[in-house]
Amino acid sequence: MTEHVLPGTDIVVSDDGPTIDVTDLPRHGFGRKSALFWGVLVFIMIETTALAIMFGSYLYVRGNFNEWPPSERLQVTPGILTTVMMLGSCVPMQLSLKPCHEMALRPTRRLLVVGVALGFAACGLRAWEIASIPFAWTDNAYASVLWTTYGMHTIELGASVLETLVMAAVLYRGPLEEKHFEDVEVTALFWWFANLVWLPFAALFYVDGALR
Amino acid sequence: MTAEASPTLPRALPTAKARRERVIERSRVLRFISETEHQAIGLRFVVTALVFFAMAGALALLMRLQLARPGLHVVGPDLYNQAFTMHGSTMMFLFAVPVMQGMGVYLVPLMIGAKSLAFPRLSAFAYWTYLFGGIFLWLSFFMNTGPDVGWFSYPPLAGPEYAAGKRADVWAQLITFTELSALAIAVNLIATIFKQRSPGMSLDRMPVFVWASLVTAFMVVFAMPAVMVASTMLALDRLVGTHFFNPAEGGDPLLWQHVFWFFGHPEVYIIFLPALGFVSEIVTTFTRRPLFGYTPVVLANVATAILAFGLWVHHMFATGIPQLGASFFTAASIVIAVPTGVQFFCWIATIWGSGPRYAAPFLYVLAFLATFIIGGLTGVMQASVPIDTQVHDTFFVVAHFHYTLIGGAVFPLLGALHYWFPKVTGRLSDERLGWISCALVFAGFHLTFFPQHILGLHGMTRRIYTYAATTGWGTLNLVSTIGAFLIGAGLLVVLINLARSYRSGMAAGNDPWQGPSLEWHYASPPPRMEERDVAIVAARYPLWTAPVGKVVGLEPREELITNVIDAEPSHKEKNPGPSLSPFFLALATSGTIIACIFTPWGLVWGAVVIALVLTLWYWPRRSEVDEHHLSEEQP
């Protein structure tokens, strides 16, 4: 049998046709190398689209009112505190990426625990923020859009905290495969999304619905 | 790394794993519900969708019987309202989208030379969710709670004031089921196409159907959330007293129309683009020529997808929108004909002088070319506001969209079913019956729907359950009804042909049509992932040009991951294999969605159950750990 390697490639051409031997390839890949990364990115696109439609709906019903806001003004302090806490919680998640890429178990899981703790704090503040909304969703269309947006985003926020909690628990319990570190990376990605996606709504609700 | 930290294989591994596999192997039911292979899931999607197609088709025949003559009482107005709503909703949400996605789930991994989908368990979850949603809708219908406010469920008719009972809620929750499923498949197809193409299959070597699946998946990602949000708003208005669509409290029924059609118009192209992919594949194979203008065809797909998001308002011309808006959306609606025109000319150029082989798949493509062009032209007519205002809500519109949806999607789908039948079953279908079915369906289709253009121009509105003899619409309606039964007969011949061939057709071999793409490289039916090689390709039409190579060094349940643009090998990932979790998650999700019709607490309690099932799904089991993939550090 004759064999030769195609110049500039790993492809071996023999009488049976070309072959590539992938025995020595790694068993994980981070970032855009990973299929999971793309999957989570697309899920984030889906959820961003859903929230963007709520944003548009807010502006759409806004045109139907002569006075704005049509209900009592929102209190901004709980909202701003929640938002600051959400942004702060992104720091440990971002820091966890370096040990995660090095597959260093202990620092990775410690930072996840810090992130989860800050996430729970943000959820607590969000509960206070929701309790302080001075009108019911049944009052008018503005109230309906605002409450529904809060509901949708709080589900995202809660889901990201619970997901990270489970991730951290897996890192403490095992057994661990290399792919679990890919999972940590996309958990952090989703965390960034769940927290940052609130910023346009914070501007909309706190400025347009409260401070204006 | 320390010596203590090196990976150790859990001792219980072989026994626990073997025990679990033995239990699943022994029970046929468990094996069925834990299946995650893409061929099985894809086939289930297609077969289930065809069953729903038949059920919705039966309702169409019922409606045609009712309208055959003036003043008939085959069904009453209430059942008629449910019939057209069920027909439209089933065709759009339970047939057209799932069947196209099912074809993608089956074919895409084979065409790109992957062993499986990127997220096989997610695809199983998508199937079960879809199936449970379909069963839920039809059980509701059989219990006289079928939705009755039209497939686009406009408020205020569908709102709390005018739609008492739970019929409109059933529709709103059907949307949740089907969109969840469609989105899960879209994510899967995008990740699979981006990351699991065979080495050598750069983006510009992907088969056109794979391109169409990719573009469609992105359309699903941006379109489906709109209808999920809209149906959630509708459900909230009905269940907890929000005012999204209540003008008395600052809401707006037109908000529904905007959000719904922001989904609804791209939806047409979500159904249509995969069908164009079928056409390109079939034309290439049956003319035995590389597709003329591969790049323009791919770019036309992308352009159609982008433009599809910019013309939803043409469904709302009759609501009195500003003139500038009307002009913009008229222009956009006309422009979208251009990329489809480009594809038409490319197919004609490919076929021209090629001496094609006139087998059943190619006949259906010819039926498509002749029929869709008419639907496309009536579409361009309706882009004009004065014509649209005149024919709005008449049978002219019914005729138009059946020309585009049956002509544009069902004809290519029937061609595709005949084309890939040998790959799926390993047997050839009967050519003579293929010709007969195509002739019957084609003649029946035009007999049914062409007269409806004229009925619409004569003023026959949609969704009326009967009409007076003095209208003069009786004869054309009778012709239309005869045509509908001819279509039914044609589809029956398709069914008989495929069923007979499945039992006793001639053996097909790997590549009965001498097709150029990778799916024909594999055995028919294709082997499961453990026995499947990952191919290496060096050309756009690998089976026509150079020998197909193979990748060595993969474990049976390992997938090769390649990079997005050039498909160069990057690393290997483990395929998780069969699991019962997707089935249980779909059960929990279905319970939640149905409970939400009756109480908002359904969401709260459902979320707890879903979170628990998801955690169990994700939790690593010692019996599933693969020694090759263990992390160096263990807790």
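For clarity, every value in this text was computed on a predicted model and none was experimentally measured.

About the cut-offs
Residues numbered from 1 in each chain as written. Chains lettered and ligands numbered in written order. Predicted model: local features only at pLDDT ≥ 70, side-chain atom pairs only at ≥ 80, totals over all residues. Helix = DSSP H or I, 4+ residues; strand = E, 2+ residues; numbered from the N terminus. Rg over C-alpha atoms; globule rule 2.2 N^0.38 Å. Buried ≥ 20, exposed ≤ 12 C-beta atoms within 10 Å, placed from the backbone. Contact = placed C-beta atoms within 7 Å. Expected span 1.5 Å × (residues − 1). Core = buried A, V, L, I, M, F, W, Y, C linked by C-beta atoms within 7 Å. Pairing = 2+ DSSP bridges. Nonpolar A, V, L, I, M, F, W, Y, C, P; charged D, E, K, R; others polar. Axes fitted to C-alpha atoms, helices over the stretch in contact; angles between N-to-C directions. Left-handed = near helix turned anticlockwise from the far one by under 90°. pLDDT = per-residue confidence, 0-100. Parallel < 35°, antiparallel > 145°, perpendicular 65-115°, else oblique.

Some remarks on the overall build of chain A
Moving on, step 1. When helices and strands are counted, chain A shows seven helices and three strands.
Moving on, step 2. Along the chain direction, N to C, the helices and strands of chain A fall in the order β-β-β-α-α-α-α-α-α-α.
Moving on, step 3. The C-alpha atoms of chain A give a radius of gyration of 23 Å, which is well past the 17 Å a tight globule of 212 residues would have.
Moving on, step 4. Viewed in the frame of its principal axes, chain A has a C-alpha envelope of about 85 × 40 × 25 Å.
Moving on, step 5. Looking at the 212 residues of chain A, the share that counts as buried comes to 40%.
Moving on, step 6. Long-range pairs, those at least 24 residues apart, make up 78% of the contacts in chain A with a sequence separation of at least 6.

Considerations on the overall build of chain B
Moving on, step 1. A tally of regular secondary structure across chain B gives 19 helices and four strands.
Moving on, step 2. Here the C-alpha atoms of chain B give a radius of gyration of 25 Å, agreeing with the 26 Å that 2.2 N^0.38 yields for 635 residues.
Moving on, step 3. Over its C-alpha atoms, taken along the principal directions, chain B stretches across nearly 90 × 65 × 50 Å.
Moving on, step 4. Expressed as a percentage of its 635 residues, the buried residues of chain B come to 54%.
Moving on, step 5. Restricting to contacts in chain B with at least 6 residues of sequence separation, those with at least 24 account for 81%.

Overview of helix 4 (residues 105–131) of chain A
Moving on, step 1. Helix length check: helix 4 of chain A, at 27 residues, gives a terminal C-alpha distance of 39 Å against a target of 39 Å (1.5 Å per residue), a fit within 8%.
Moving on, step 2. Against helix 2 (76–95), helix 3 (97–101), helix 5 (141–173) and helix 6 (179–196) of chain A lie the buried residues of helix 4 of chain A.

Brief notes about the nonpolar core
Moving on, step 1. Core analysis: the biggest nonpolar cluster contains 233 residues, and A186, I190 and V220 of chain B have the highest contact counts within it.
Moving on, step 2. A per-element tally of this core places helix 7 (residues 208–239) of chain B first, with 23 residues.
Moving on, step 3. With near-sequence residues (within four places) excluded, I190 of chain B lies in contact with W38 and V42 of chain A together with L214, A217 and F218 of chain B.

Here's the deal with the environment of M219 of chain B
Residues and elements named next belong to chain B.
Moving on, step 1. Within the secondary structure, M219 sits in helix 7.
Moving on, step 2. On the neighbour-count criterion, M219 (22 C-beta atoms within 10 Å) is buried.
Moving on, step 3. Between the alpha carbons of M219 and L183 there is a distance of 10.0 Å; along the sequence they are 36 residues apart.

Points about the pairing of strand 3 (residues 558–562) of chain B
All names here are of chain B.
Moving on, step 1. When you tally the buried positions in strand 3, you get five out of five residues, the bulk of the element.
Moving on, step 2. Residues of strand 3 alternate between two faces, with E558, L560 and T562 on one and E559 and I561 on the opposite face, all of them buried.
Moving on, step 3. Bridge analysis of strand 3 against strand 4 (residues 569–574) gives five bridges, and the strand direction is antiparallel. The residue bridging E558 from the neighbouring strand is K574, located in strand 4.
Moving on, step 4. Connecting strand 3 to the antiparallel partner strand 4 that follows it, the hairpin turn spans six residues, and A567 within it adopts a positive phi of roughly 60 degrees.

Quick look at the environment of T176 of chain B
Residues and elements named next belong to chain B.
Moving on, step 1. By secondary structure assignment, the location of T176 is in helix 6 (residues 167–195).
Moving on, step 2. A tally of 22 C-beta atoms within 10 Å means that T176 is categorised as buried.
Moving on, step 3. Through-space distance from the C-alpha of T176 to that of Y467 is 36 Å; in sequence the pair is 291 residues apart.
Moving on, step 4. Those residues in contact with T176 that sit more than four places away from it in its chain are M228, S231 and I593.

Focus on the interface of chain A and chain B
Moving on, step 1. Taken together, the contact pairs 54 residues of chain A with 64 residues of chain B.
Moving on, step 2. Of all the secondary structure elements, the ones that give two or more residues to the side of chain A that touches chain B are strand 3 (17–21), helix 1 (35–62), helix 5 and helix 6 of chain A.
Moving on, step 3. Here the side of chain A that touches chain B gets 14 residues from one element, more than from any other, and that element is helix 1 of chain A.
Moving on, step 4. Here the residues of the side of chain A that touches chain B are counted per class, giving 31 nonpolar, 15 polar and eight charged.
Moving on, step 5. Where strand 3 of chain A and strand 2 (residues 549–552) of chain B come together, three bridges link them in parallel fashion. Among the inter-strand pairings, I20 of chain A is bridged to a residue of strand 2 of chain B, identified as V551 of chain B.

Points about unusual backbone geometry
Moving on, step 1. Between W68 of chain A and the following residue, P69 of chain A, the backbone shows a cis peptide bond with an omega angle of -5 degrees.
Moving on, step 2. Tracing the chain through its elements places P69 of chain A in the loop between helix 1 and helix 2.
Moving on, step 3. For the bond from P155 of chain B to P156 of chain B, the omega torsion is 5 degrees, close enough to zero to count as cis.
Moving on, step 4. For P156 of chain B, the position within the fold is in the loop between helix 5 (120–142) and helix 6.
Moving on, step 5. Phi is positive for D393 of chain B, close to 60 degrees, though the residue is something other than glycine.
Moving on, step 6. Along the polypeptide, D393 of chain B turns up in the loop between helix 13 (385–391) and helix 14 (395–425).
Moving on, step 7. If you check the backbone angles, A567 of chain B has positive phi at about 60 degrees while not being a glycine.
Moving on, step 8. By the element assignment, A567 of chain B lies in the loop between strand 3 and strand 4.

Regarding the packing of helix 4 (residues 77–111) of chain B against helix 8 (residues 253–287) of chain B
Residues and elements named next belong to chain B.
Moving on, step 1. Packing of helix 4 against helix 8 brings their axes to within 9 Å, and their N-to-C directions diverge by 40 degrees. As for the relative orientation of helix 4 and helix 8, their crossing is left-handed in sense. Counting all contacts with helix 4, which are made through M92, A96, V97, M100, M103 and G104, the residues of helix 8 involved are E267, I270, I271 and P274.
Moving on, step 2. Considered class by class, the residues forming the contact of helix 4 with helix 8 number eight nonpolar, one polar and one charged.

A closer look at the confidence of the model for chain B
All names here are of chain B.
Moving on, step 1. Here chain B averages 93 in pLDDT, and 97% of its residues register 70 or above.
Moving on, step 2. Confidence drops under a pLDDT of 50 for residues 1–13, and excluding neighbours within four residues, the segment shows 18 contacts in the predicted structure.
Moving on, step 3. Under the prediction, the complex receives an ipTM of 0.94, its pTM being 0.95.

A short note on the packing of helix 3 (residues 38–67) of chain B against helix 16 (residues 474–504) of chain B
Residue and element names in this part refer to chain B.
Moving on, step 1. Interhelical geometry of helix 3 versus helix 16 gives an angle of 155 degrees and a closest axis separation of 9 Å. Compared by their axis directions, helix 3 and helix 16 come out roughly antiparallel. Every pair of crossing elements has a handedness; the one defined by helix 3 and helix 16 is left-handed. Each of G57, A60, L61, R64, L65 and L67 in helix 3 lies in contact with helix 16, whose residues at this interface are N477, S480, T481, A484, F485 and G488.
Moving on, step 2. Here the contact of helix 3 with helix 16 is built from residues that sort into six nonpolar, five polar and one charged.

Considering the environment of Q257 of chain B
Residues and elements named next belong to chain B.
Moving on, step 1. Within the secondary structure, Q257 sits in helix 8.
Moving on, step 2. On the basis of neighbour count, Q257 is assigned to the buried category, with 21 C-beta atoms found within 10 Å.
Moving on, step 3. Each C-alpha atom of the pair Q257 and A163 lies 17 Å from the other, and the pair is 94 residues apart in sequence.
Moving on, step 4. When neighbours within four sequence positions are excluded, Q257 is seen to be in contact with Y154, M316 and T319.

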